[in-house]
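# Structural overview
What follows is each chain in one-letter form.
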Amino acid sequence: MLTAHAYAATSATEPLAPMTIQRRELGAHDVLIEIKYAGICHSDIHTVRGDWGPASYPLVPGHEIAGVVTEIGPQVTKHAVGDRVGVGCMVNSCRECASCRRGEEQYCLKGMTGTYGAVDRDGTITQGGYSSHVVVAEDFVVTIPDALELDVAAPLLCAGITTYSPLNHWGAAPGKKVAVVGLGGLGHMAVKIAAAMGAEVTVLSQSLKKQEDGLRLGAEHYYATSDPTTFEQLAGTFDLILNTVSAQIDLNAYLSLLAVDGAMVNVGAPAEPLSLQVFSLIPGRKTFAGSMIGGIRETQEMLDFCAEHGIGAEIEVIPAEKINDAYERVLASDVRYRFVIDTATLS
Ligand code: NAP
Ligand code: ZN
């Protein structure tokens, strides 16, 4: 067993605090990763605070992991000591079902194993990336291209793939009008990636405070959703709306912005239900859908795409002692655009 330094939540209400945890012995197909950076995703906060149901504590969050391989199990073939690697939201799956065989392990029919707070196939509870080291099966470890620095690459492992996958699936491309709702961690990656795919991107944010940033990141248009005329002006406009908002929104108002045959895809996962009027979909043959992260193969494809297009996350690197402050700032929509923990500050 290896002792790792970490930051953990001990309940839904206490601040996160330093802790040491044990990582398992390297199995034949495992790699040991020295974590360099870990992004803070809003999902970490939802999970810690029990928004999605009770969590198991102590809980070390973190599923945007970038680091370097320091040891490999005897049968590892995909990674070598010294490789720059990433781990995202899952660390295992059944590997046999139709979804796994298709390379969509996130939709494993027996349930993928989350990077933290999940029961792994060996019965242990997984612990995430706010930590100095992690042991992960090689099949769930991706390669970070040399063109990407590890700190700006870390958020790609969740925010990047969670937006890349639906943009890809629903065909963001030249000639397509894509709206991104919410300019936070996911939203800012969606803007960069959709623009790199050639789509015409519009940001729909609560206010115009971040307009300059949104345009710099690749959006052509930027509107405040607090202004009711926005919904009149943009009615029937978009082929695809990607909703990244972490809270309840007026779904029907946003569906009115879709063109005929348009799709609105929810990646935002608020604790509260959203209310859907079917007549928001029926006239216009519109689709309302969800999407969860992306498979391992697609995650590697996304990293390669980002490297090719010079896309990293816009980040604020923080020491571990600032994690609790960062949580409050994320909850206040005061993030530009991802907090990334320098894990050297954990010990
Ligand atoms: P984030 O950085 O906090 O960004 C969310 C953004 O939503 C905020 O920056 C804000 O943008 C907007 N927003 C927040 N509260 C709002 C409100 N009350 N009304 C309207 N807009 C509001 O969060 P994130 O890390 O990007 O995550 C976003 C959501 O995606 C979370 O629910 C997270 O759990 C979920 N998620 C899902 C997946 C998946 O696989 N589906 C993966 C990762 C995360 P503006 O200031 O621009 O309005
Ligand atoms: Zn996430």
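Report on the accompanying structure. Per chain, residues are indexed from 1 in the order of the written sequence. Here the convention is simple: chains get letters from A, ligands get numbers from 1, in the order in which they are written. For this predicted model, a pLDDT threshold of at least 70 governs which residues receive local features, and a threshold of 80 or more governs which side-chain atom pairs are given and counted, while totals over whole chains, interfaces and linings are taken from all residues. With hydrogens and water stripped out, all remaining heavy atoms of the structure feed into the side-chain values.

This brings us to the overall build of the protein. In terms of helices and strands, the protein carries 10 helices and 17 strands. Relative to the 2.2 N^0.38 estimate, which gives 20 Å for 347 residues, the radius of gyration of the protein is 20 Å and therefore close to what a compact globule would have. Along the three orthogonal principal directions, the C-alpha set of the protein runs to about 60 × 40 × 35 Å. Relative to its 347 residues, the protein shows a buried fraction of 55%. Two residues form a contact once any of their heavy atoms are found within 4.5 Å. The contacts in the protein between residues at least 6 apart in sequence include a share of 67% that link residues at least 24 apart. For accessible areas, the Shrake-Rupley method is used with a probe of radius 1.4 Å. Any residue's cover is judged against the shown protein chains and nothing else. Per element, the accessible surface of the protein, about 14,300 Å² overall, is 51% carbon and sulfur. The charge count treats Lys and Arg as positive and Asp and Glu as negative. His and the chain ends do not count. By convention, charge coordinates are those of NZ in Lys, CZ in Arg, CG in Asp, or CD in Glu. Mean positive and mean negative side-chain charge positions of the protein (24 and 40 charges, respectively) differ by 4 Å. Note on conventions: DSSP H or I runs of at least 4 residues are helices, E runs of at least 2 residues are strands, and numbering of each starts at the N terminus. Note that the radius of gyration is over C-alpha atoms, with the globule rule given as 2.2 Å times the number of residues to the power 0.38. Think of it in three bands: with a 1.4 Å probe and only protein chains considered, a residue is buried below 20% of the maximum accessible area for its type, exposed above 50%, and partly exposed in between.

Moving on to the site of ligand 1. Around ligand 1 lies a shell of 29 residues, among which H42, L183, S205, K210 and R338 are the nearest. At a separation of 2.8 Å, an oxygen atom of ligand 1 approaches a polar side-chain atom of H46. Measuring from an oxygen atom of ligand 1, one finds a backbone N or O atom of L186 at 2.8 Å. Look at ligand 1: alone it shows 920 Å² of surface, and the protein chains cover 89% of it. By convention in these notes, a residue is near a molecule or strand provided one of its non-hydrogen atoms lies within 4 Å of it. Any pair of N or O atoms that falls within 3.5 Å is considered a polar contact. Within protein, one atom must be able to donate a hydrogen and the other to accept it, and sequence-neighbouring residues count only if both atoms are side-chain atoms.

What follows concerns the coordination of the zinc ion (ligand 2). Donor atoms from the polypeptide that bind the zinc ion (ligand 2) are C41 (SG), H63 (NE2) and C158 (SG), placed at 2.0 to 2.2 Å. Here a donor is any nitrogen, oxygen or sulfur atom (N, O, S) within 2.8 Å of the metal, with 3.2 Å used for Na, K and Ca; water is not among the atoms considered, so some sites may look incomplete. Within one chain, the residues donating to the zinc ion (ligand 2) are spaced in sequence as C-x21-H-x94-C. Of the two residues, C41 is situated in the loop between β3 (30-39) and α1 (42-48) and H63 in the loop between α1 and β4 (65-72); the sequence distance between them amounts to 22 residues. Take C41: its relative accessible area is 2%, and that puts it in the buried class. Owing to a relative accessible area of 8%, H63 belongs among the buried residues under this scheme.

We now examine the packing of aromatic side chains. Each aromatic pair joins two rings of Phe, Tyr and Trp (for Trp, the six-membered one) with centres within 6.5 Å, and gets the label stacked for planes under 30 degrees apart, edge-to-face for over 60, and tilted for any other angle. Scanning the model with the defined rule gives two aromatic pairs in all. Both rings, one in F231 and one in Y254, keep their centres 5.2 Å apart while their planes meet at 85°; by these two values the pair is edge-to-face. Here F231, found in helix α7 (residues 229-233), pairs with Y254, found in helix α8 (residues 251-255); they are 23 residues apart in sequence, far enough to count as distant.

To continue, consider the packing of helix α4 (residues 159-169) against helix α5 (residues 185-196). Taken N-terminus to C-terminus, the directions of α4 and α5 make an angle of 50°; their axes are 8 Å apart at the nearest point. By the angle between their axes, α4 is oblique relative to α5. For the pair α4 and α5, the sense of crossing is right-handed. Across the interface between the two elements, A159, G160, T162, T163, Y164 and L167 of α4 pack against G185, L186, M189, A190, I193 and A194 of α5. For the contact of α4 with α5, the class distribution of residues is eight nonpolar, four polar and no charged. Fitting a line to C-alpha atoms yields each axis, with helices limited to the stretch in contact; the angle taken between N-to-C directions then spans 0 to 180 degrees. Angle categories are assigned with fixed cut-offs, so that under 35 degrees is roughly parallel, over 145 is roughly antiparallel, 65 to 115 is roughly perpendicular, and the rest are oblique. Each crossing is labelled by how the near helix is turned from the far one, with a counterclockwise turn of less than a right angle marking it left-handed and a clockwise turn marking it right-handed. Ten residue types, Ala, Val, Leu, Ile, Met, Phe, Trp, Tyr, Cys and Pro, are classed as nonpolar, four, Asp, Glu, Lys and Arg, as charged, and the remainder, Gly among them, as polar.

Every buried residue belonging to helix α10 (residues 323-331) is among I323, A326, Y327 and V330, and all of these are buried. Projected down its long axis, α10 shows its buried positions confined to an angular sector of 105°, all on one face. In the core, the buried residues of α10 are packed alongside β1 (2-8), α1, β16 (315-318) and β17 (338-342). One or two positions beyond α10, positive phi appears at S333, with a value near 55°. In this context, the arc is that of the directions from the helix axis out to the C-beta atoms.

With that out of the way, let us pick up helix α9 (residues 296-308). A helix is expected to reach a length of 1.5 Å times the quantity of its residues less one. The end-to-end C-alpha separation of α9 is 18 Å, in line with the 18 Å expected for 13 residues at 1.5 Å each. Close packing links the buried residues of α9 with β6 (90-92), β9 (142-143), α4 and α5. Following α9 by one or two positions, G310 has its phi on the positive side, about 65°.

What follows concerns the pattern of salt bridges. Here, a salt bridge means any side-chain nitrogen of Lys or Arg that lies within 4 Å of a carboxyl oxygen of Asp or Glu. This model, assessed by the stated rule, comprises 17 salt bridges. Of the charged contacts, one joins K192 and E314 as a salt bridge, the two residues approaching to 2.6 Å between their closest N and O atoms. One end of the pair, K192, is in helix α5; the other, E314, is in the loop between α9 and β16, with 122 residues separating them in the sequence. Overlapping salt bridges bring together K192, D213, R216, E314 and R336 as one network.

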